[in-house]
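# Remarks on the overall topology
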Amino acid sequence: MVKLKKGQEAFVVVDGPDAGRTYRQDTTYPQAPKGYETRFEQIKPKPVPQPETDRKRSK
C-alpha cells in the first residue's frame, strides 16, 4: 500500500496505463502509478484487532 508523501499535491496521470486516474492526499492505493513512484511512500496496513477471549471461564 502507498500514499502520497507529505507536501505532494494531488495530480492526474496524463499518459500510460493509469491515464485519467487522480491521486489525492490522505488516500491509500495498492501501488504507485508507473513513473510517479518517487511521489509516494510505503505504508503498513493497520493491524486488525483480535477479539479477546475469556480463558478464565470453565464449564
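Presented here is a report on the structure given in the accompanying data block. Keep in mind that what you see is a predicted model, and the values were worked out from it rather than measured. (Residues numbered from 1 in each chain as written. Predicted model: local features only at pLDDT ≥ 70, side-chain atom pairs only at ≥ 80, totals over all residues. Heavy atoms only, no water.)

### Description of the overall build of the protein chain
A count of helices and strands for the protein chain gives zero helices and four strands. Reading the secondary structure of the protein chain in the N-to-C direction produces β-β-β-β. When burial is assessed residue by residue, the protein chain has 19% of its 59 residues classed as buried. Restricting the contact set of the protein chain to residue pairs at least 6 apart, pairs at least 24 apart contribute 46%. (Helix = DSSP H or I, 4+ residues; strand = E, 2+ residues; numbered from the N terminus. Buried < 20%, exposed > 50% of the residue type's maximum accessible area, 1.4 Å probe, protein only. Contact = heavy atoms within 4.5 Å.)

### Describing the pattern of salt bridges
Summed over the entire model, instances satisfying the criterion amount to one salt bridge. A salt bridge links Asp-18 to Arg-21; the shortest N-O distance between them is 4.0 Å. We classify Arg-21 as partly exposed; its relative accessible area is 43%. (Salt bridge = Lys/Arg side-chain N within 4 Å of Asp/Glu carboxyl O.)

### Quick look at the nonpolar core
Counting residues in hydrophobic clusters, the biggest one holds nine residues: Val-2, Leu-4, Phe-11, Val-13, Tyr-23, Tyr-29, Ala-32, Tyr-36 and Phe-40. Here Val-13 is in contact with Asp-18, Ala-19, Gly-20, Arg-21, Tyr-23, Pro-33 and Tyr-36, once residues within four sequence places are set aside. (Core = buried A, V, L, I, M, F, W, Y, C linked by side-chain atoms within 4.5 Å.)

### As for the environment of Ala-19
Residue position: Ala-19 is located in the loop between strand S2 (11-12) and strand S3 (22-23). A relative accessible area of 43% places Ala-19 in the partly exposed class. Between the C-alpha atom of Ala-19 and that of Pro-33, which follows or precedes it by 14 residues, the distance is 9.3 Å. The residues touching Ala-19, leaving out its near neighbours within four places in the chain, are Val-13 and Val-14.

### Focus: the packing of aromatic side chains
Taken as a whole, this structure holds six aromatic pairs when the rule is applied. A ring pair is formed by Phe-11 and Phe-40, whose centres lie 6.1 Å apart and whose planes are at 70°; its orientation type is edge-to-face. Here Phe-40 lies in strand S4 (residues 40-42) and Phe-11 lies in strand S2, a separation of 29 residues in the sequence. Take Phe-11 and Phe-40: they sit in the same class, and that class is buried. The rings of Phe-11, Tyr-23, Tyr-29, Tyr-36 and Phe-40 are connected pair by pair, giving a single aromatic cluster. Note that Arg-39 overlies the ring of Phe-11, its terminal NZ or CZ placed 4.6 Å from the centroid. (Phe/Tyr/Trp six-rings, centres within 6.5 Å; stacked < 30°, edge-to-face > 60°. Lys NZ or Arg CZ within 6 Å of the ring centre and 35° of its normal.)

By themselves, these are just geometric observations and shouldn't be taken as functional.
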